Amino acid sequence: MIVKSLTKTAKGYEVFIEEQPFILEEEVILKFRLFEGKFIEESHIEDILKANTYEEFKKKALSYHLRYLKSSQEVQNYLIQKGITKSLAQQMIQDLVNNKYIDDYCLAKGIAGSLARNSNGPKQIIYKLKNHLFSEDLISKVVEQIEPEDYNLGVDKLYKKGLQKYQKLDEFQQKIKIKNLFYQHGYPNTDLL
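What counts as what
Residues numbered from 1 in each chain as written. Predicted model: local features only at pLDDT ≥ 70, side-chain atom pairs only at ≥ 80, totals over all residues. Heavy atoms only, no water. Pairing = 2+ DSSP bridges. Helix = DSSP H or I, 4+ residues; strand = E, 2+ residues; numbered from the N terminus. Axes fitted to C-alpha atoms, helices over the stretch in contact; angles between N-to-C directions. Core = buried A, V, L, I, M, F, W, Y, C linked by side-chain atoms within 4.5 Å. Buried < 20%, exposed > 50% of the residue type's maximum accessible area, 1.4 Å probe, protein only. Contact = heavy atoms within 4.5 Å.

A. Quick peek at the sheet that holds strand β3 (residues 20-24). Strands sit in the order β1-β2-β3 across an open sheet of 3 strands; the sheet is antiparallel. What marks the edges here is a single partner per strand, and that holds for β1 (3-9) and β3. For this sheet, the mean inter-axis angle between neighbouring strands, taken without regard to orientation, is 20 degrees. Relative to strand β2 (residues 12-17), β1 runs antiparallel, the two sharing 6 bridges. Each residue of the ladder has a partner; that of Thr 9, found in β2, is Gly 12.

Encoded structure:
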C-alpha cells in the first residue's frame with residue numbers, strides 16, 4: 001500500500017493510503033515516517049491506527065490536565081472513564097510525567113500556596129489537596145513548604161473579614177466568633193488573636 005497524499009487539516013493530518021483516508025496525529029506521521037509515495041505493508045496499518053489512538057488520548061489527557069489543573073491520578077481516572085484500560089492509562093500518565101507535561105509536586109505546591117493566600121488554614125489545605133488525589137507524602141511535603149508570607153496574607157484577610165462581619169458585637173463575642181471563623185477555615189485551635 002502506498003501513501004497517496006498527506007494534507008494538514010484542523011483535526012490533524014489527512015493521509016490517503018490507497019484511496020482510503022485516515023486522520024492521523026503529527027507524532028504518528030513522524031514516528032512511522034509517513035510521506036507521499038512511501039510503501040506501507042498492510043499489517044502496519046493496524047500499528048499506525050493504534051499509535052494514533054494512543055496519541056489522541058494522550059492529547060486529551062494533557063488538555064484535561066491543563067484546563068482543569070488536575071493531578072496525575074485525576075487524569076488517570078479521567079482516561080479510565082473515557083474507556084482506556086488502567087494499564088494503558090498508567091502508561092500515558094507516565095509518558096506525560098517523563099516528558100514533564102504533568103508535575104504533581106509543582107501543581108500541589110501552587111494549589112497549596114493559593115489556598116493559603118485565600119485564607120485557608122493547614123487542615124483545609126490538606127483536605128482540598130486530598131480531594132485532588134495527591135499522595136499523603138506529597139501533601140505533607142507541600143504543606144510544610146508553604147511560605148509564611150502566604151499564610152500571613154490569608155490570616156490578615158480572614159481577620160479583616162471577621163472584624164467587618166462581627167463589628168456590631170461586643171469585644172468578647174467578636175473574639176469568639178473570629179476564632180470560630182479561623183477554625184472553620186482549617187486553622188488549628190489558634191491563639192492568633
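And the narrative resumes.
B. Main features of the nonpolar core. Ranked by size, the top nonpolar core spans 15 residues in total, and within it Ile 125, Leu 129 and Phe 134 carry the most contacts. Among the elements of the structure, α5 (104-117), α6 (122-131) and α7 (136-144) are those that each provide at least two residues to this core. The element contributing the most residues to this core is α5, with 6 residues. Beyond its immediate stretch of four places on either side in the chain, Leu 129 contacts Ala 108, Ile 111, Ala 112, Phe 134, Ile 139, Val 142 and Val 143. Leu 62, Ala 89, Leu 96 and Ile 102 belong to the second-largest nonpolar core, a separate cluster that totals 14 residues.

C. Representation of the pairing of β2. If you look at the hairpin formed by β1 and β2, you'll find 2 residues sitting between the two strands. Two successive antiparallel strands, β2 and β3, enclose a turn made up of 2 residues, where Glu 18 displays a positive phi of approximately 50 degrees.

D. Highlighting unusual backbone geometry. Positive phi, close to 50 degrees, is recorded for Glu 18, a residue that is not glycine. Relative to the helices and strands, Glu 18 resides in the loop between β2 and β3. Phi is positive for Ser 119, which is not a glycine, with a value near 70 degrees. Residue classification places Ser 119 among the buried residues on the basis of a relative accessible area of 8%.

E. Local environment of helix α3 (residues 72-81). Those residues of α3 that sit buried are Ser 72, Glu 74, Val 75, Gln 76, Tyr 78 and Leu 79. Positive backbone phi, approximately 105 degrees, marks Gly 83, located one or two places after α3.

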